[in-house]
Amino acid sequence: MSTLVSHIRLAATLTAVSCSRVFTAHTLRQWNVPHLVDNAQLVVSELVTNAVKATGVVTANPTWSQLEDVRLLHVGIYGHGHSVTIQVWDNSDELPVQAKADTEEWAEGGRGLFIVEALALHVGHFFPQSGGKVVWAELAMDAQLPRLPQREPKEPLNVLLPEADPQLLIKLLNGLEKL
């Protein structure tokens, strides 16, 4: 099976999270693995959120001056064999924030990579020679999905259209003339 690849570059702002979720869902549905969408959206949300926190603008309504030097991040989705890998690149050389199992019960954050690790087969990071870092997670497909059978084209059916109603056509013409 060949490798499937899909990429998107996004501004490192809070809106990148929802954009990456939509991109991920669309990609996986196109690849005919819709059963992975929910987990993959959660994983990409956490990875992109961390990338935005590391390098981007985290203000809900940023000013133009805050956006003037906004960084980019890169989301890549790779389908290979029986798994899908999600990679998120940002331009920070800092290690990713490690998962915390002991985060307070009611805390609003701090569980991102812990959640990713719970959903993924493997999680990791690397520092490409071009700079920045890539954090990735590999999700297992339950089974290799068979291709859907192709249908033979059918001859069009003879469709009987109703006969034109002259009174309706006159009303329509009169209405158009008044415009």
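Just above sits the structure.
Residues numbered from 1 in each chain as written. Predicted model: local features only at pLDDT ≥ 70, side-chain atom pairs only at ≥ 80, totals over all residues. Heavy atoms only, no water.

**Quick look at a nonpolar patch on the surface**
Basically, it comes down to this: Within this analysis, patches are made of residues with over 30% relative accessible area and no salt bridge. Like charges are joined at 9 Å or less; nonpolar side chains (Val, Leu, Ile, Met, Phe, Trp, Tyr) at 5 Å or less. The method behind every accessible area is Shrake-Rupley, applied with a 1.4 Å probe, and residues are considered shielded solely by the protein chains displayed. Here a salt bridge means any side-chain nitrogen of Lys or Arg lying within 4 Å of a carboxyl oxygen belonging to Asp or Glu. Helical segments are the DSSP runs of H or I of at least four residues, strand segments are the runs of E of at least two, and each set is numbered from the N terminus.
There is a patch of nonpolar side chains on the surface, built from Leu169, Leu172, Leu176 and Leu179 and spanning about 480 Å² of accessible area. Topologically, Leu172 is positioned in helix H5 (residues 166-178).

**Side note on the packing of helix H1 (residues 15-30) against helix H2 (residues 37-55)**
Test applied: Axis lines are fitted through C-alpha atoms, for helices just across the contact stretch, and the angle between N-to-C directions can take any value from 0 to 180 degrees. It is the rotation of the near helix from the far one that decides the hand of a crossing: anticlockwise by less than a right angle makes it left-handed, clockwise makes it right-handed. Two residues form a contact once any of their heavy atoms are found within 4.5 Å. Classes in brief: Ala, Val, Leu, Ile, Met, Phe, Trp, Tyr, Cys and Pro nonpolar; Asp, Glu, Lys and Arg charged; the others, Gly included, polar.
Across the interface, H1 lies against H2 with an axial gap of 9 Å and an inter-helix angle of 150°. Between H1 and H2 lies a crossing of right-handed hand. Here Ala16, Val17, Ser20, Arg21, Val22, Thr24, Ala25, Leu28 and Arg29 of H1 come into contact with H2, specifically with Val37, Ala40, Gln41, Leu42, Val44, Ser45, Val48, Thr49 and Val52. Split into classes, the residues belonging to the contact of H1 with H2 amount to eleven nonpolar, five polar and two charged.

**Thoughts on the side chain of Ser45**
How we decide: Whenever two N or O atoms come within 3.5 Å, that pair is a polar contact, provided that in protein one can donate a hydrogen and the other can accept it, and provided that, for residues adjacent in sequence, both atoms are side-chain atoms.
Within the fold, Ser45 resides in helix H2. Only 2.8 Å separates the side chain of Ser45 from the backbone oxygen of Gln41, close enough to count as a polar contact. Apart from the residues within four sequence positions on either side, Ser45 is in contact with Val17 and Arg21.

**Side note on the sheet that holds strand E5 (residues 133-140)**
Basically, it comes down to this: Think of it this way: DSSP has to see at least two bridges between two strands before they count as a pair.
Strand order in the open sheet formed by five strands is E1-E2-E3-E5-E4, and the pairing between neighbours is antiparallel. Of all strands in the sheet, those bounded by a partner on one side alone are strand E1 (4-11) and strand E4 (122-126). This sheet shows a mean twist of 15° between the axes of neighbouring strands, independent of strand direction. For strand E2 (residues 72-80) and strand E3 (residues 83-90), the ladder comprises seven bridges, and the chain directions are antiparallel. By the bridge assignment, Ile77 is partnered in E3 with Ile86. Helix-sheet contacts for H1 involve E1, E2 and E3, and the interaxial angle to E1 is about 165°. On the sheet, H2 packs against E2, E3 and E5 and is oriented at approximately 15° with respect to E3.

**Quick look at helix H4 (residues 112-119)**
The following threshold applies: Categorising residues by exposure relies on relative accessible area from a 1.4 Å probe, with only protein chains included: less than 20% of the type maximum marks a residue as buried, more than 50% marks it as exposed, and the intermediate range marks it as partly exposed. In this context, the arc is that of the directions from the helix axis out to the C-beta atoms.
Residues Gly112, Leu113 and Val116 constitute the buried set of H4. Around the axis of H4, the buried residues are gathered within 85° of arc, so they sit on the same side. Contacts from the buried residues of H4 go to H2, E4 and E5.

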